[in-house]
Amino acid sequence: MKLVKAKKLRGTLEVPADKSISHRSIMFGAIAQGTTTVHNFLRAEDCISTLNAFKDLGVQIEDDGEVITIHGQGVAGLKAASHPIDIGNSGTSIRLMMGLLAGSNFETTLFGDESLNKRPMNRVMLPLRAMKADLNGENDTEFPPITIRGVQALSPIHYEMPVASAQVKSAILFAALQAQGMSTIIEKELSRNHTEEMIRQFGGKIDVTDKTITLTGPQQLQGQEVVVPGDISSAAFFLVAGAIVPDSEIHLTNVGMNPTRTGIIEVLKQMGANLTIEEEDQQNQSADVTIRTSNLQGTVIEGDIIPSLIDEIPVIALLATQAHGTTVIKDAQELKVKETNRIDATANELRKMGADITATDDGLIINGPTKLHGATVSSLGDHRIGMMLQVAALLTQDDVELELPEAVAISYPAFFEDVKSLTLEGSD
Ligand code: S3P
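Residues numbered from 1 in each chain as written. Predicted model: local features only at pLDDT ≥ 70, side-chain atom pairs only at ≥ 80, totals over all residues. Heavy atoms only, no water.

1. Side note on the packing of aromatic side chains
Working step 1: The final tally for this structure, using the stated rule, is seven aromatic pairs.
Working step 2: Arranged with centres 5.6 Å apart and planes meeting at 45°, the rings of Phe238 and Phe415 form a pair that is tilted. With Phe238 in helix 7 (residues 232-244) and Phe415 in helix 12 (residues 415-425), the pair connects residues that are 177 residues apart, well separated along the chain.
Working step 3: Connected via pairs of aromatic rings, a cluster forms that spans Phe237, Phe238, Tyr412, Phe415 and Phe416. (Phe/Tyr/Trp six-rings, centres within 6.5 Å; stacked < 30°, edge-to-face > 60°. Helix = DSSP H or I, 4+ residues; strand = E, 2+ residues; numbered from the N terminus.)

The structure is reproduced here in structure tokens:
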């Protein structure tokens with residue numbers, strides 16, 4: 001696919017709904033008692049995988065095109081699927097469902113696409129086994145297909161997390177909700193806290209003090225109304241595009257502003273971006289953000305900010321190619337086990353377009369500014385790499401050809417149309 005170029009970007013955009021919250025809205029709705037309604041659910045491939053999985057598990061879910069309605073009957077109301085469940089590309093679905101199904105009263109097999117079937121699952125399986133869960137990867141490896149044999153008597157856990165991962169934390173919390181007694185999780189670094197917030201929203205009891213989370217099970221949650229804000233991880237592509245394309249001004253509405261997710265805003269400010277935040281809605285944790293063409297400086301991104309921008313690093317690396325000086329990204333080794341090895345994918349694909357970028361053991365080093373040029377590049381099947389490359393292509397004079405563009409539908413099916421709309425509004 002030939003990517004769009006732009007002389008300038010102008011206009012207003014409402015980015016799609018948050019992927020993390022959309023997944024969890026289905027999961028909590030399914031294990032709660034009573035009706036859950038979800039407004040602004042993300043209709044993208046990953047979240048549809050979660051929705052279909054819970055239908056396979058016997059949960060009645062209706063979609064009138066606007067609102068999703070889930071008729072939950074507690075964990076005990078889930079039923080064995082008639083076949084192994086295909087969870088597609090979605091790491092969040094498979095990892096959280098391992099914890100959620102650990103206390104069911106049946107066996108489930110979850111499998112994914114080629115990328116998901118290579119992603120590490122011991123990080124979830126080991127703590128769950130310590131809770132007496134019974135689950136295995138294929139041929140006793142840690143890789144999917146994963147078979148979960150539900151056990152009725154899960155034990156609580158005291159767990160110091162070896163990785164900063166919201167998926168691992170959330171899987172343990174789903175199991176802890178069903179275990180007998182008090183579980184304690186100590187995070188390595190603060191990671192996104194949507195699971196903790198939604199346990200509270202669904203009437204559960206959870207205590208969070210800095211990096212220590214305690215929860216006493218078993219708990220029965222109650223159905224709720226969920227309104228999903230826009231995804232800051234999707235907004236990120238336009239925040240970077242607006243900052244690096246000349247003569248641009250983009251207004252993004254209803255962007256999710258959960259403080260465990262806003263690392264990219266801090267980095268943009270640190271690099272000198274021309275960015276304003278308005279219409280902050282504390283209740284819905286959202287705001288409108290305006291970004292204008294910016295004069296950027298290189299920076300160092302490391303330590304505890306990393307989990308709050310982990311999915312944005314590929315596009316932050318692109319941002320750094322247009323900043324003056326060197327940008328160093330460290331402590332981001334988790335990027336190696338995402339949908340692709342995103343350290344290598346980012347460095348290799350951007351280098352094809354002329355970027356001065358080096359992969360390190362735990363991050364990237366980028367020197368800027370560089371003039372990017374046309375090339376044939378690939379998403380490598382990774383949605384966020386595909387979208388980052390489209391943003392890079394906006395800057396080139398000659399054509400950029402993107403292989404495997406369809407990957408963007410994992411989180412943002414209308415991405416290319418939305419980019420185009422900003423170039424049209426920007427045309428004279
Ligand atoms: C997610 C957590 C993150 C993130 C992923 C979504 C979630 O993964 O990269 O896109 O919804 O919990 P890790 O928790 O494995 O870092």
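2. With respect to the site of the ligand
Working step 1: Around the ligand sit Ser20, Arg24, Thr92, Ser165, Ala166, Gln167, Arg192, Ile310, Asp311 and Lys338, and that is every residue in its neighbourhood.
Working step 2: Between the ligand and Ser20 there is a distance of 2.7 Å, counted from an oxygen atom to a side-chain nitrogen or oxygen.
Working step 3: One of the side-chain N or O atoms of Asp311 is found 2.7 Å from an oxygen atom in the ligand.
Working step 4: Expressed as a share of its isolated accessible area of 380 Å², the protein-covered part of the ligand is 94%.
Working step 5: Going through the elements one at a time, helix 1 (19-31) and helix 5 (166-176) are the ones with two or more residues in the shell around the ligand.
Working step 6: Of the residues belonging to the shell around the ligand, the class tally is two nonpolar, four polar and four charged.
Working step 7: A domain split of the shell around the ligand shows at least three residues from each of domain 1 (10-16 + 229-425) and domain 2 (19-227). (Near = heavy atom within 4 Å. Polar contact = N/O pair within 3.5 Å; in protein donor to acceptor, adjacent residues only side chain to side chain. Areas by Shrake-Rupley, 256 points an atom, 1.4 Å probe, with all protein chains shown as cover. Nonpolar A, V, L, I, M, F, W, Y, C, P; charged D, E, K, R; others polar. Domains from an automatic or database assignment.)

3. Observations concerning helix 5
Working step 1: Of all 11 residues making up helix 5, 11 are buried, and the element is well covered by its neighbours.
Working step 2: Among the residues making up helix 5, those that are buried are Ala166, Gln167, Val168, Lys169, Ser170, Ala171, Ile172, Leu173, Phe174, Ala175 and Ala176.
Working step 3: Capping the start of helix 5, Ser165 holds a side-chain oxygen 3.3 Å from the backbone nitrogen of Gln167, two or three residues further along. (Buried < 20%, exposed > 50% of the residue type's maximum accessible area, 1.4 Å probe, protein only.)

4. A few points about the pairing of strand 19 (residues 356-359)
The side chains of a regular strand alternate, first on one face of the sheet and then on the other.
Working step 1: Of the strand pairs in this sheet, strand 19 and strand 20 (residues 364-368) are connected by four bridges, and their pairing is antiparallel. Its bridge partner lying in strand 20, Ala359 is registered against Leu364. (Pairing = 2+ DSSP bridges.)

5. Section: the pattern of salt bridges
Working step 1: Scanning all chains against the criterion turns up 22 salt bridges.
Working step 2: For Asp134, the salt bridge identified is with Arg149, shortest N-O distance 2.7 Å. Of this pair, Asp134 sits in strand 7 (residues 134-136) while Arg149 sits in strand 8 (residues 146-149), and the two are 15 residues apart along the sequence.
Working step 3: Arg149 sits in the partly exposed class, given a relative accessible area of 28%.
Working step 4: Salt-bridge contacts for Arg192 lead to Asp311; the nearest nitrogen and oxygen are separated by 3.3 Å. One end of the pair, Arg192, is in the loop between strand 10 (181-186) and helix 6 (194-201); the other, Asp311, is in the loop between strand 17 (300-301) and helix 9 (313-321), with 119 residues separating them in the sequence.
Working step 5: Salt bridges linked by common partners bring Arg119, Arg192, Asp311, Glu339, Arg342, Asp382 and Arg384 together as one network. (Salt bridge = Lys/Arg side-chain N within 4 Å of Asp/Glu carboxyl O.)

6. Looking at the domain arrangement of the chain
Working step 1: We note that the domain assignment places domain 1 (10-16 + 229-425) and domain 2 (19-227) within the chain.
Working step 2: On a C-alpha basis, the centroid separation for the pair domain 1 and domain 2 is 29 Å.
Working step 3: If you look at the interface, domain 1 gives 24 residues, while domain 2 gives 24 residues.
Working step 4: With both chains or domains summed, domain 1 and domain 2 bury close to 2,100 Å², and 45% of this area falls on carbon and sulfur atoms.
Working step 5: Where domain 1 meets domain 2, there are three salt bridges.
Working step 6: At the boundary of domain 1 with domain 2, the tally comes to 10 residue pairs in polar contact (both at pLDDT 80 or more).
Working step 7: Of the residues assigned to the side of domain 1 that touches domain 2, the class counts are nine nonpolar, seven polar and eight charged. (Contact = heavy atoms within 4.5 Å. Buried area = accessible area lost by both parts, 1.4 Å probe.)

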